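Single-letter residue listing:
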Amino acid sequence: MSGPSNLLSRPLSDLPGLTPHALKQLAKESLETVGDILWQMPFRHEDRRQMQGSVFHPSETPACHFVTVGKTRSKFFGARGSGVFEAQVEPRGGGSLGQVLTLRWWNMPFMKRTIAEGLELVIYGKVKEWRGQLFMDHPEYEILEDEAEVSASSYTGRITPVYRLRGGLTMKNLRTAVWQSILVAGEKPFATDLLPPPSPKGEFAGWGRSKALRAVHFPDDDEELRQARRYLALEEFYTYQLRVVRRRRMAEAAGGRPHPGDGTLTAQLAAALPFQLTPAQQRCLEEIWKDMATPMPMNRLLHGDVGSGKTIVAFMAMLRAVESGAQAALMAPTQILAEQHYQNAQRWLEPLGLRIALRTGTRKTDGDESPLWTGNNDGRPPEILIGTHALLHDRKLLTNMGIVVIDEQHKFGVAQRARLIQKGNTPDVLVMTATPIPRTLTLTLYGDLDISTIDERPKERGEIITKVRNIGKRDEAVAFLREQLEADRQAYLVYPLIEDSEKLDAAAATKGFKEWAKALEPFSVGLLHGKMPPEEKDAVMRDFRSNKHQALVSTTVIEVGVDVPNATVMYLHNAERFGLAQLHQLRGRIGRGSHTSYCVLFIKDDDEEARQRFAIMEQTQDGFRIAEEDLLRRGPGDVLGKAQSGAAPLRFAELLADTRLVRIARTLAERTLDEDPDLQAPRFESIRKTVTESEVEQATLQ
Ligand code: ADP
Ligand code: MG
């Protein structure tokens, strides 16, 4: 082979050691070239450096042996298919102690077709002793076909990769393909580095893509493996950061308009508010206003736990744009929230003489009846536009747009923000989220944003008392709820997520609604779920907000953003189905007024696991602490979100927790772009095969 790229694109059929059948199985999984194979990351490794010699030792540590198969037999225990297949093996070459080890495969009668007397195997597993006999259950094994295979073996005498298997792939074929690729590559570099050459004194001295790819499969020791993974992760973060930093610079270069404002509208609103901004709100607002006053477009994340009061800060920022002669837009992830923001805007901004428009429907081509906008009937352009994220696709709206506020949308990616960039007139952008994002994730996910954090809740809030209760205790709960409703409070009665199906969720809520409507008579109960038409949802929310309904039975559609301060009770049914982060978001719907609030997590009777998991909910309301607990309990993969559960874990997820790595990536990207501002981030195969940009963006808390 000659050039580096040449090797990666070579077909696997060029490699020795792969049978036509093996090649076919690999091809079925789209593994056709050396490059394809080397980007299959092992999900763990086994230390097989110490081949156990010719003695079997009972031990809790798995060990690796060369053995020869002697007698085999199948035993059946009557019930269909149940039985055990046993193969007696001796150390290869006989061993000196005359020991015999019995390998056992339970309920796998077909093993007798694979393991036969006289075969030579490498086995890996725990040797157990019982009544003077030695056993190994369900060992990992590989059949050695010839002498050459033994000496060039990829799986013995070293740290051996273990891959996730899919389709017809076998561990042996994958390992052989990787091993042969690495042998063919030899010691020379075979892949073009994406990262700039590492400093000779730094921690990555001597590292490059080829070395990392080699070592991530067949490392010499643990330290080399760790560093190989870090190098590849760094490469990935770096390409991501190149894109992030480049877009940020483009936005800055495109330029925007200054929005210094004259303070008239903001002062009026401040005077009209029934409360004072908290010091944290004040500080964040000043950071925002400072950005807005410059011609450089603002790119800021406003970050604050549920109930910390982000909306009013957004309104104040929007007013500053209007004071400066521009329009302002507020986008919400759901119609329900857009409607809520609209009502708040009517309450707070209309008295200042501003025209406010809510984008309700979507335009259909066949002249449909439903109005696209409400609230803007006099034909003059509104100062304030409110709607869902669809607003953004309406380019002509953006001509005089001074600021775009994006609420509660952690999935709102870099690419969407890039849509807003317009030469000389890029609006200021404020993204708001309640997601407790660890610092490294903000650097990664929101790498192009400055961050303001509202780190305190308004005082004079009633406390939230949270209890975990067995569902068997519901009668008491009904009585308590009636007391609360009689005291003029309101309640959310939430039904759980069922298998990701809105339809099933709706069915559970509908059933619950019937029960509660009866149990709470004569109080009025509303029903809200994702399957209802938007107008109906709006109507129900309006009736709940105006206390026409005292209780609202709902699915998780109320999870984000909904703000009804008089609601003080939340009952969560089948709480064990929820993750902590989601429970925290849901609970954030109560405790928004001055009254004491009550959150009850109903779990299956005697579900000790759930009871323990939820203890933290009883102890704290701090979203960060709850997220941390989640992280500890479930590992980053799960906390990072629904996107991954069930699917393959983010291969480098744990590396995301490596702040240093993310920072190095950021610095390198900035330096690279200083030298070559037009550099396009490489769209490299590694990106596709490991973590994609959108995966990174989705990797946020639910
Ligand atoms: P979130 O940060 O979750 O979006 P909201 O903006 O919906 O929170 O605010 C929650 C509630 O707190 C609203 O009813 C709002 O009017 C109220 N609020 C906001 N700021 C203050 C404050 N400084 N003092 C008292 N109440 C406030
Ligand atoms: Mg909100």
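Remember, it's a predicted structure, so these values are computed and weren't measured experimentally.

A. Examining the site of ligand 1 more closely. Around ligand 1 sit 18 residues, and of these Gly307, Lys310, Thr311, Arg461 and Asp563 come closest. Taking Arg461, its side chain carries an N or O atom lying 2.5 Å from an oxygen atom of ligand 1. At 3.0 Å from an oxygen atom of ligand 1 is found a side-chain nitrogen or oxygen belonging to Arg592. Of the residues contributing to the shell around ligand 1, the split by class is 6 nonpolar, 7 polar and 5 charged. Counting the residues that make up the shell around ligand 1, at least three belong to each of domain 2 (264-454) and domain 3 (464-621).

B. Structural detail: the sheet that holds strand S4 (residues 101-106). The strand order S6-S7-S4-S3-S2-S5-S8 describes an open sheet built from 7 strands, whose pairing is mixed. The strands lining the two open edges of the sheet, one partner per strand, are strand S6 (128-130) and strand S8 (140-144). Ignoring strand direction, the axes of neighbouring strands in this sheet form an average angle of 40°. Here strand S5 (residues 120-125) pairs with S8 via 5 bridges, running antiparallel. Paired with Val122 across the two strands is Glu142, which belongs to S8.

C. Structural context of the nonpolar core. Core analysis: the largest hydrophobic core is formed by 73 residues, its most contacted members being Leu269, Leu349, Tyr492 and Leu572. Ranked by residue count, the leading element in this core is helix H10 (residues 310-323), at 10 residues. Taken together, domain 2 (264-454) and domain 3 (464-621) each give at least three residues to this core, which thus spans both. Sequence-distant contacts of Leu572, defined by excluding residues within four places in its chain, comprise Val494, Phe578, Leu583, Leu586, Cys599, Val600, Leu601 and Phe602. Counting residues in hydrophobic clusters, the runner-up holds 48 residues, among them Leu7, Leu18, Ala177 and Tyr238.

D. A look at the packing of H10 against helix H11 (residues 335-348). For the pair H10 and H11, interaxial distance at closest approach is 12 Å and the crossing angle is 60°. The angle between the axes of H10 and H11 places the two elements in the oblique class. The two elements H10 and H11 meet at a crossing, and its hand is right-handed. Together, Thr311, Ile312 and Phe315 of H10 and His341, Asn344, Ala345 and Trp348 of H11 make up the contact between the two elements. Within the contact of H10 with H11, the residues separate by chemical class into 4 nonpolar, 3 polar and no charged.

E. Layout of the pairing of strand S19 (residues 490-494). Taken across its 5 residues, S19 has 5 buried, putting it largely inside the fold. The alternating pattern of S19 places Gln490, Tyr492 and Val494 on one face and Ala491 and Leu493 on the opposite face, and all of these are buried. Sheet topology note: the S19/strand S22 (residues 567-572) ladder contains 5 bridges and is parallel. Bridged to Val494 within S22 is Leu572. Bridge analysis of S19 against strand S21 (residues 551-554) gives 4 bridges, and the strand direction is parallel. Across the sheet, residue Leu493 finds its bridge partner in S21, namely Val553.

F. Main features of the confidence of the model for the protein. Confidence in the prediction for the protein averages 82 pLDDT; 83% of positions are at 70 or higher. Considering only residues more than four positions removed or in separate chains, one finds that residues 363-370, a stretch of pLDDT under 50, has 4 contacts. Confidence drops under a pLDDT of 50 for residues 684-702, and excluding neighbours within four residues, the segment shows 67 contacts in the predicted structure.

The rules we used
- Residues numbered from 1 in each chain as written.
- Chains lettered and ligands numbered in written order.
- Predicted model: local features only at pLDDT ≥ 70, side-chain atom pairs only at ≥ 80, totals over all residues.
- Heavy atoms only, no water.
- Near = heavy atom within 4 Å.
- Polar contact = N/O pair within 3.5 Å; in protein donor to acceptor, adjacent residues only side chain to side chain.
- Nonpolar A, V, L, I, M, F, W, Y, C, P; charged D, E, K, R; others polar.
- Domains from an automatic or database assignment.
- Pairing = 2+ DSSP bridges.
- Helix = DSSP H or I, 4+ residues; strand = E, 2+ residues; numbered from the N terminus.
- Axes fitted to C-alpha atoms, helices over the stretch in contact; angles between N-to-C directions.
- Core = buried A, V, L, I, M, F, W, Y, C linked by side-chain atoms within 4.5 Å.
- Buried < 20%, exposed > 50% of the residue type's maximum accessible area, 1.4 Å probe, protein only.
- Contact = heavy atoms within 4.5 Å.
- Parallel < 35°, antiparallel > 145°, perpendicular 65-115°, else oblique.
- Left-handed = near helix turned anticlockwise from the far one by under 90°.
- pLDDT = per-residue confidence, 0-100.

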